[in-house]
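Structural overview for review
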Amino acid sequence: MAETEKKKRQKPGRVLANTLYLLGMAWKISPRFFFGYIFDALVLSAWSILDAWYFKRVFDLLDMGAPVSEILWMLLAVALTTTLLLLSNTVYWWTENEKQKLVIKCGLQLKLFDHALSLDIGKYEIPEFYNDFIWAVRTADVKVCEILKVVRNLIRRVSSGAAVFGILVSLDLFTAAFILVLTASGAVCSTYINKKCYAYDMESRRSERVASYVSRVHYLADYAKELRISEAGKVLEKLYDESTEERRGLIRKYFGKVQTCGAFWNVIGAVKDNGLILILLYKMMVEKTVLLGGFALGVTSSWRVSSALQEIITAATELAKHSLYIEKLRTFFDTKTSIEGGTKMPERFESLECKNISFAYENGVEVLHDVSLKITAGEKIAIVGYNGAGKTTLIKLLMRFYDVTGGEILLNGINIKEYDLDAYRKVIGAVFQDYKIFAATVAENVACGLCSDDAREGVTAALDAASFTDKLQKLPDGLDTHLTREFSDKGTNLSGGESQKIAIARALYKRAPVTVMDEPSSALDPVAEYELNRHIENALTDQTVIFISHRLSTTRGAARIYMFEHGRIIEDGSHDALIAQNGKYAAMFNLQASKYRT
Ligand code: ADP
């Protein structure tokens, strides 16, 4: 633990570099926000100095027996200036600052979203990266404002604290030293407490993720049915209990020490406050080196200086704490995708070929071995096999979500790594098994973006080809009906089969040179499946299509069928040829056909 703590502690130079990194980011997003914060800090600092000066001046005037009118004029001038300063601060705080904070938050979130999308999917499988990524997206916008607030306080306290400390030193050196020493001791306590709280935060992240997963499963509609008909709820509750117990353990581990240190900190505070009064009384009544005005000034200045020092040290500690967070943000932004695009632009589609490819996910287990297949323009091929055979993995490789670990994939005879990534991905339109419906209108879901008036006709045609027309006619606002109830009670939730049709319409609308249909009709009953397949066949006549399924009724029409097992192609050929071969494909087909006959 001591070792990890040591590794986590950052050198002041690094803290400064990280803080500057974040400030630079905020500056790029909104320079106005930046200036506003500094202006505000200086206004508040001027107010503190004025306040201290005015206090001393009143005592001086009284001591000198100045006329009451002079004191009243000064009071009026100070009251007016203070009102102006505070008014400008209030106006800034409640209007400009709130607006600019929003600009900063949005700017940073958009940067995070953009960067997340630029990364390869493989990164999501590295738990450490994924944790930091979730943290970055969830908290960075709040953090950036928090950090800027700390910097603002630092500027404010350094400028006002330095001015008032000068007054205190001129009053009495011993008193100034007494305050400094005790404030520094308090700062040691606060640093220790902050460090422990941070360590607690870090260590409790795993249990927080477990708890959030369990609560998510309970409120997401996707899981509602399973939870009602299985014992899964009990397993989840056990997980939740364990995560709570884990957190209880962490609270015991960290907060006992935090409590003791907190109590010690309070004692230091009490010694400082009361000790100072005793010292000043001693100096005033026994040594007679301090007058009544000096006594009052000493008490207030000491409070100001000690609170300024305390805040400066707290701000430095806070910045060190935030620096560790910024470090993670930097790591996230510095992480580059391992899927690099090339410079070539794809020409007219001729062929897509896998040449002896093999692949292993992040865990290193090879799931595809020496796979070779080819599809040429206008062909329809099918990839079949039981679950876990490697069919979807092959498609992910074709889409370049991952890169092959052996062999190569060629588009028109050229390695796909040589093509510009975005342009290459446009060659393939895919309907994935785990497609997602977005909380947007039907039209936007099909167009996968904003749907212009010109695009509506194409969207309607794609929905028709995906057998969605009957349902579309029943939807309250047709193409403009909102899907999911995420944002509105009037939204429509589609059934599994209907959602799948939307996903299919997406691929049909895209009309990419190659269309991939991963289990296109898996959520449908046999009649609907037959009807959908007929529609898809019509819509995709003359198109290049890769069908993936373990339901062989979907794929029997393909020109060539590749049968996968344990990541290898074990048979290939037309449906008739494979049936004649009487191998595993024929066995699988006969087994499925017998189910329909009985
Ligand atoms: P299919 O689509 O034929 O059902 P998949 O391609 O999804 O099969 O899976 C092939 C193998 O790869 C399976 O053993 C599966 O457990 C494994 N696999 C799939 N996705 C991942 C992943 N992200 N990380 C590790 N292994 C995976």
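These lines cover the structure that appears in this document, whether it is placed above or below. As the structure is a prediction and not an experimental result, all values here were calculated from the model. (Residues numbered from 1 in each chain as written. Predicted model: local features only at pLDDT ≥ 70, side-chain atom pairs only at ≥ 80, totals over all residues. Heavy atoms only, no water.)

On to the overall build of the protein, then. When helices and strands are tallied, the protein shows 20 helices and 10 strands. Relative to a compact globule of 598 residues, whose C-alpha radius of gyration would be 25 Å, the protein shows 35 Å and is clearly more extended. Oriented by its inertia axes, the alpha-carbon framework of the protein measures out at about 115 × 55 × 50 Å. When the 598 residues of the protein are sorted by exposure, 45% land in the buried category. Looking at the protein alone, contacts between residues at least 24 apart form 75% of all its contacts between residues at least 6 apart. Surface summary for the protein: the accessible area is close to 31800 Å², and the carbon and sulfur share equals 60%. (Helix = DSSP H or I, 4+ residues; strand = E, 2+ residues; numbered from the N terminus. Rg over C-alpha atoms; globule rule 2.2 N^0.38 Å. Buried < 20%, exposed > 50% of the residue type's maximum accessible area, 1.4 Å probe, protein only. Contact = heavy atoms within 4.5 Å. Areas by Shrake-Rupley, 256 points an atom, 1.4 Å probe, with all protein chains shown as cover.)

Okay, empty space enclosed by the protein next. Counted by the stated rule, this structure contains one cavity of 30 Å³ or more. Here the largest cavity is characterised by a volume of approximately 40 Å³. Where the lining of the largest cavity is concerned, the elements lending two or more residues are helix H5 (127-171) and helix H10 (292-334). Looking at the lining of the largest cavity element by element, the count peaks at five residues for H5. Residue composition of the lining of the largest cavity, grouped by class: eight nonpolar, no polar and one charged. (1 Å grid on protein atoms, 1.4 Å probe; cavity = no way out; pocket = protein on both sides within 12 Å on 5 of 7 lines; lining within 4 Å. Points joined across faces, edges and corners; volume = space filled by probe spheres on them. Nonpolar A, V, L, I, M, F, W, Y, C, P; charged D, E, K, R; others polar.)

Moving on, we come to the sheet that holds strand S4 (residues 406-411). In space, the four strands of this open sheet follow the order S2-S1-S4-S5, with antiparallel pairing throughout. Where the open sheet ends on each side, the last strands, each with one partner, are strand S2 (366-376) and strand S5 (414-415). As paired strands, S4 and S5 are joined by two bridges and run antiparallel to one another. The residue of S5 that forms the bridge with leucine 410 is asparagine 415. (Pairing = 2+ DSSP bridges.)

Counting 42 residues, the largest nonpolar core has Val442, Val459, Leu463, Ile502, Leu508, Met517 and Tyr585 as the members making the most contacts within it. When residues of this core are traced back to their parent elements, those giving at least two are strand S3 (380-384), helix H13 (442-447), helix H14 (453-465), helix H16 (496-510), helix H17 (526-539), strand S8 (544-549), strand S9 (560-565) and helix H20 (584-597). For this core, the element with the highest residue contribution is H16, accounting for six residues. Excluding its chain neighbours within four sequence positions, the residues that come into contact with methionine 517 are Val431, Ile504, Leu508, Ile536, Leu540, Val545, Ile546, Phe547 and Ile548. One finds Ala26, Phe34, Phe133 and Met202 within the second-largest nonpolar core, a separate group that totals 36 residues. (Core = buried A, V, L, I, M, F, W, Y, C linked by side-chain atoms within 4.5 Å.)

The residue leucine 148 is located in helix H5 in this model. Taking the relative accessible area as the measure of exposure, leucine 148 reaches 4% and is therefore buried. Residues in contact with leucine 148, not counting those within four places in the same chain, are Leu23, Ala26, Phe33, Phe34 and Tyr37.

Applying the stated criterion to the full structure yields 17 salt bridges. Where glutamate 146 meets lysine 143, a salt bridge forms, and the shortest distance between an N and an O atom there is 3.6 Å. Placement of both glutamate 146 and lysine 143 in helix H5 is noted, with a separation of three residues, approximately one turn of the helix. A relative accessible area of 14% means that lysine 143 is categorised as buried. (Salt bridge = Lys/Arg side-chain N within 4 Å of Asp/Glu carboxyl O.)

Attention shifts here to the site of the ligand. If you check the shell around the ligand, you find 13 residues, and the closest are Glu125, Gly388, Lys391, Thr392 and Thr393. The contact in question runs from an oxygen atom of the ligand to an N or O atom on the backbone of glycine 390, over 3.0 Å. Within the side chain of threonine 393, one N or O atom sits 2.5 Å away from an oxygen atom of the ligand. Surface burial for the ligand is 66%, taken as the share of its 560 Å² of free accessible area covered by protein chains. Looking at which element gives the most residues to the shell around the ligand, the answer is helix H11 (residues 391-398), with four residues. Among the residues forming the shell around the ligand, the class breakdown is four nonpolar, six polar and three charged. (Near = heavy atom within 4 Å. Polar contact = N/O pair within 3.5 Å; in protein donor to acceptor, adjacent residues only side chain to side chain.)

Now for the packing of aromatic side chains. Per the counting criterion, the structure on display carries 10 aromatic pairs. Where tryptophan 27 meets phenylalanine 35, the ring centres are 5.6 Å apart and the plane angle is 85°; that geometry is what we call edge-to-face. Of the residues examined, phenylalanine 35 reaches a relative accessible area of 53% and is grouped as exposed. Judged by centre distance (5.2 Å) and plane angle (90°), the ring pair of tyrosine 361 and tyrosine 402 falls under edge-to-face. Of this pair, tyrosine 361 sits in the loop between strand S1 (351-360) and S2 while tyrosine 402 sits in the loop between H11 and S4, placing them 41 residues apart in sequence. With a relative accessible area of 8%, tyrosine 402 lands in the buried category. Following the ring pairs from residue to residue traces out a cluster consisting of Tyr200, Tyr254 and Phe255. (Phe/Tyr/Trp six-rings, centres within 6.5 Å; stacked < 30°, edge-to-face > 60°.)

With respect to the element layout, serine 243 can be found in helix H9 (residues 232-285). Dropping the residues within four chain positions of it, serine 243 is found in contact with Ser207, Val210 and Ala211.

Moving on, we come to the packing of helix H2 (residues 12-29) against H5. At their nearest, the axes of H2 and H5 sit 10 Å apart, and the two run at 110° to each other. With respect to H5, the axis of H2 lies roughly perpendicular. In terms of crossing hand, the pair formed by H2 and H5 is left-handed. Note on element contacts: H5 touches H2 through Val144, Ile147, Leu148 and Val151, opposite Thr19, Leu22, Leu23 and Ala26. (Axes fitted to C-alpha atoms, helices over the stretch in contact; angles between N-to-C directions. Parallel < 35°, antiparallel > 145°, perpendicular 65-115°, else oblique. Left-handed = near helix turned anticlockwise from the far one by under 90°.)

Right, let's talk about the environment of cysteine 451 for a bit. Tracing the chain through its elements places cysteine 451 in the loop between H13 and H14. Cysteine 451 gets classed as buried once you look at its relative accessible area, which sits at 18%. Residues cysteine 451 and leucine 75, 376 residues apart in the sequence, show an inter-C-alpha distance of 65 Å. What cysteine 451 contacts, discounting residues up to four positions off in sequence, is Ala443, Glu444, Arg456 and Val459.

Geometric descriptors of this kind do not, in isolation, establish any biological role.
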